[in-house]
Amino acid sequence: MENGEKIIFENGKLKVPDRPIIPFIEGDGTGPDIWRAAVRVMDKAVEICWGGKRKILWKEVLAGEKAFRKTGSWLPDETIKAFQEHRLGIKGPLTTPVGGGIRSLNVALRQKLDLYACVRPVRYFDDVPSPVKNPHRVNMVVFRENTEDVYAGLELEAGTDKVKTLLSYLEESFGWHIRPDSGVGIKPISRTGSRRLIRAAIDFAVSRKRKSVTLVHKGNIQKFTEGAFRRWGYELAREEYPDLTVPWDQVKESSGDSRIIIQDVIADNFFQQALLRPEQFDVIATTNLNGDYMSDALAAQVGGIGMAPGGNINYQEGYALFEATHGTAPKYAGMDKVNPSSVILSGAMMLDYMGWHEAAKAIESGIGKAITTRKVTYDLARLMKGAEEVSCSRFAEVICANMAGE
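This report concerns the structure included in the present document.

## Describing helix α5 (residues 161-174)
Residue pairs three or four apart in sequence face the same way in an α-helix, which turns once every 3.6 residues.
Step number 1: The terminal C-alpha atoms of α5, which comprises 14 residues, lie 20 Å apart, in line with the 20 Å expected from a rise of 1.5 Å per residue.
Step number 2: Listing the buried residues of α5 in full gives Val163, Leu167 and Leu170. Looking straight down α5, one finds its buried side chains confined to an arc of 60°; they lie on one side. Of the residues in α5, the exposed ones pointing more than 90 degrees away from the buried face are Asp161, Lys162, Thr165 and Glu172.
Step number 3: Buried residues belonging to α5 abut β8 (155-156) and β9 (184-185).

Rendered as structure tokens:
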């Protein structure tokens, strides 16, 4: 490897050298095909923008099936240490082992690195096939809490001695009668976790001059968890952003108020309104399970998760891991067939997070132009009239050519 430098985090800000070392996990199944395409596009964008002055030095680390074959571990300690040491990273899709052990490699990485904010921008690229009439009206950034809620993995299996002990305790102490053949899960929602996630969403809205932050919750039923998430969000905005935000019920029409509106909506109503009036939503802050549902549903409106980027970020420590948001699609492994856009756009998110905004914009522009030329991978080509189906690697070539103005 060429000589490179580590990205550091000082005084709440990343310091990115011109030749940063960035770890990557190529992923399982179609991961290697996608990674080869994605890294080509990212490197080309950096080259176009800075002509060799800047360059990413990639460092492969292992997770998933490849890690298990080589080391006997699905998630080696060395991989976690590499992400901690170098601050940023990017990964393809990973297989979750069946049976015992790690519930989900993706969840394990987020929890071990305390990547508390799952950030999912959802926007439409012209000419991408969509099941809705006006997909261009969708332009949101979802901030999903990443470490709590049912994803904490605090579950007990039905019929076990442990769950019987818990059920007995709950009935004796709280009068909660739960059917004895139930499995039980615990849903923790903390003030600390909620506030730091909502703070990240508001900071993003302020820095990007967005219009609103919407707290999505199910607080009408789950009053002390999701209802508390809503309450803590309004509390945070009032205490820490009094001059930059305004609650929705204090907004006066035609007032010209430039402050960011803080509003909330119940989760089931959000799904309806996201279809009927998506333009009323901008930045979203929500709990873990809601965010999982919402980000995939919104992605479907703009062309599917194959077009959806994602990043998992700890804004307090600067750690970030960007990733494909889709699965491994093993039946297409090695066929150079699938759409690499999720990892490519996640790479653009990473470059933007690094402060290399020009390269991020070049990638987004290159993908947009590639789609309008209708030279696309099979998933898009089968739904677009007059499209030319190209391979995964060829799609990367088309993106690069469009970035270079060829």
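## Comments concerning the packing of helix α11 (residues 357-372) against helix α13 (residues 392-403)
Step number 1: Relative orientation of the contacting elements α11 and α13 amounts to 115°, with a least axis distance of 8 Å. Relative to α13, α11 is oriented roughly perpendicular. Judged by the sense of rotation from one axis to the other, the crossing of α11 with α13 is right-handed. In contact with Ala362, Ile363, Gly366, Ile367, Lys369 and Ala370 of α11, α13 contributes Phe395, Val398, Ile399, Asn402 and Met403.
Step number 2: Looking at the contact of α11 with α13, its residues break down into eight nonpolar, two polar and one charged.

## Structural notes on the packing of helix α1 (residues 31-50) against α11
Step number 1: Two elements in contact, α1 and α11, have axes separated by 9 Å at closest approach and are oriented at 125°. It follows from the interaxial angle that α1 and α11 lie oblique. The two elements α1 and α11 cross, and the hand of that crossing is right-handed. Here α1 contributes Val41, Met42, Ala45, Val46, Cys49 and Trp50 to the contact with α11, which in turn contributes Glu358, Ala359, Ala362 and Ile363.
Step number 2: Looking at the contact of α1 with α11 residue by residue, the class counts come to nine nonpolar, no polar and one charged.

## Remarks on the packing of aromatic side chains
Step number 1: Counted under the stated rule, the structure contains 14 aromatic pairs.
Step number 2: Between Trp35 and Trp58, the aromatic rings sit 5.2 Å apart at their centres with planes inclined by 85°, giving edge-to-face as the arrangement. Here the residue Trp35 occupies a position in helix α1, and Trp58 occupies one in strand β4 (residues 57-60), the gap between them amounting to 23 residues.
Step number 3: On the accessibility criterion, Trp58 (16% relative accessible area) is buried.
Step number 4: On the numbers, 6.0 Å between centres and 55° between planes, the contact of Phe322 with Tyr353 is tilted. Of this pair, Phe322 sits in strand β15 (residues 319-324) while Tyr353 sits in helix α10 (residues 341-354), placing them 31 residues apart in sequence.
Step number 5: In this structure Phe322 comes out as buried when scored by relative accessible area, which is 1%.
Step number 6: Members of the aromatic cluster, connected to one another through ring pairs, are Phe143, Phe204, Tyr315, Phe322 and Tyr353.

## Observations regarding the nonpolar core
Step number 1: Counting 98 residues, the largest nonpolar core has Trp58, Phe143, Phe270, Met350 and Ile363 as its most contacted members.
Step number 2: At 10 residues, the largest contribution of residues to this core is made by α1.
Step number 3: In this structure, Leu75, Ala82, Leu105 and Leu115 belong to the second largest nonpolar core, which totals 15 residues.

## Thoughts on the side chain of Thr325
Step number 1: Looking at the secondary structure, you find Thr325 in the loop between β15 and α10.
Step number 2: Look at Thr325 and you get buried, because its relative accessible area is 15%.
Step number 3: Reaching out from Thr325, the side chain makes a polar contact with the backbone oxygen of Ala308 at a distance of 2.7 Å.
Step number 4: When neighbours within four sequence positions are excluded, Thr325 is seen to be in contact with Arg120, Ile305, Ala308, Pro309, Gly310 and Ser342.

## Quick notes on helix α6 (residues 191-207)
Step number 1: In a regular helix each residue adds 1.5 Å, so 17 residues correspond to 24 Å; α6 covers 24 Å between its end C-alpha atoms and thus fits that length.
Step number 2: Every buried residue of α6 is accounted for by Gly193, Ser194, Arg195, Arg196, Leu197, Ile198, Ala200, Ala201, Ile202, Phe204 and Ala205.
Step number 3: Positioned one or two residues after α6, Lys209 has a phi angle of 55°, which is positive.

## Brief notes about the sheet that holds strand β13 (residues 283-286)
Step number 1: Within the open sheet, the 11 strands sit side by side as β4-β3-β5-β15-β14-β6-β7-β13-β10-β12-β11. Their pairing is mixed. At either end of the open sheet lies a strand with only one pairing partner, and these are β4 and β11 (245-247). Across this sheet, the average inter-strand angle for adjacent strands is 25°, counted without regard to direction.
Step number 2: Bridge count for β11 against strand β12 (residues 260-266) is three bridges, and the pairing is parallel. Pairing of Val246 across the sheet is with Ile261, part of β12.
Step number 3: Each of β10 (212-217), β11, β12 and β13 touches helix α7 (residues 226-240); the most contacted strand, β10, lies at about 160° to it.
Step number 4: Helix α9 (residues 288-301) rests against β6 (117-123), β7 (139-145), β10 and β13 of the sheet, and its axis sits at about 155° to β7.

## Looking at the pairing of strand β14 (residues 309-314)
Step number 1: Summarising burial for β14: six of the six residues are buried, a large majority.
Step number 2: The side-chain alternation of β14 yields two buried faces, one formed by Pro309, Gly311 and Ile313 and the other by Gly310, Asn312 and Asn314.
Step number 3: Bridge count between β6 and β14: three bridges; the pairing is antiparallel. Within β14, the position partnered with Cys118 by the bridge is Asn312.
Step number 4: With six bridges connecting them, β14 and β15 associate as antiparallel partners. Its bridge partner lying in β15, Ile313 is registered against Ala320.
Step number 5: Counting the residues between successive antiparallel strands, the hairpin from β14 to β15 contains four residues, one of them, Gly318, with a positive phi of roughly 90°.

Criteria and cut-off values
- Residues numbered from 1 in each chain as written.
- Predicted model: local features only at pLDDT ≥ 70, side-chain atom pairs only at ≥ 80, totals over all residues.
- Heavy atoms only, no water.
- Helix = DSSP H or I, 4+ residues; strand = E, 2+ residues; numbered from the N terminus.
- Expected span 1.5 Å × (residues − 1).
- Buried < 20%, exposed > 50% of the residue type's maximum accessible area, 1.4 Å probe, protein only.
- Arc of directions from axis to C-beta.
- Contact = heavy atoms within 4.5 Å.
- Axes fitted to C-alpha atoms, helices over the stretch in contact; angles between N-to-C directions.
- Parallel < 35°, antiparallel > 145°, perpendicular 65-115°, else oblique.
- Left-handed = near helix turned anticlockwise from the far one by under 90°.
- Nonpolar A, V, L, I, M, F, W, Y, C, P; charged D, E, K, R; others polar.
- Phe/Tyr/Trp six-rings, centres within 6.5 Å; stacked < 30°, edge-to-face > 60°.
- Core = buried A, V, L, I, M, F, W, Y, C linked by side-chain atoms within 4.5 Å.
- Polar contact = N/O pair within 3.5 Å; in protein donor to acceptor, adjacent residues only side chain to side chain.
- Pairing = 2+ DSSP bridges.

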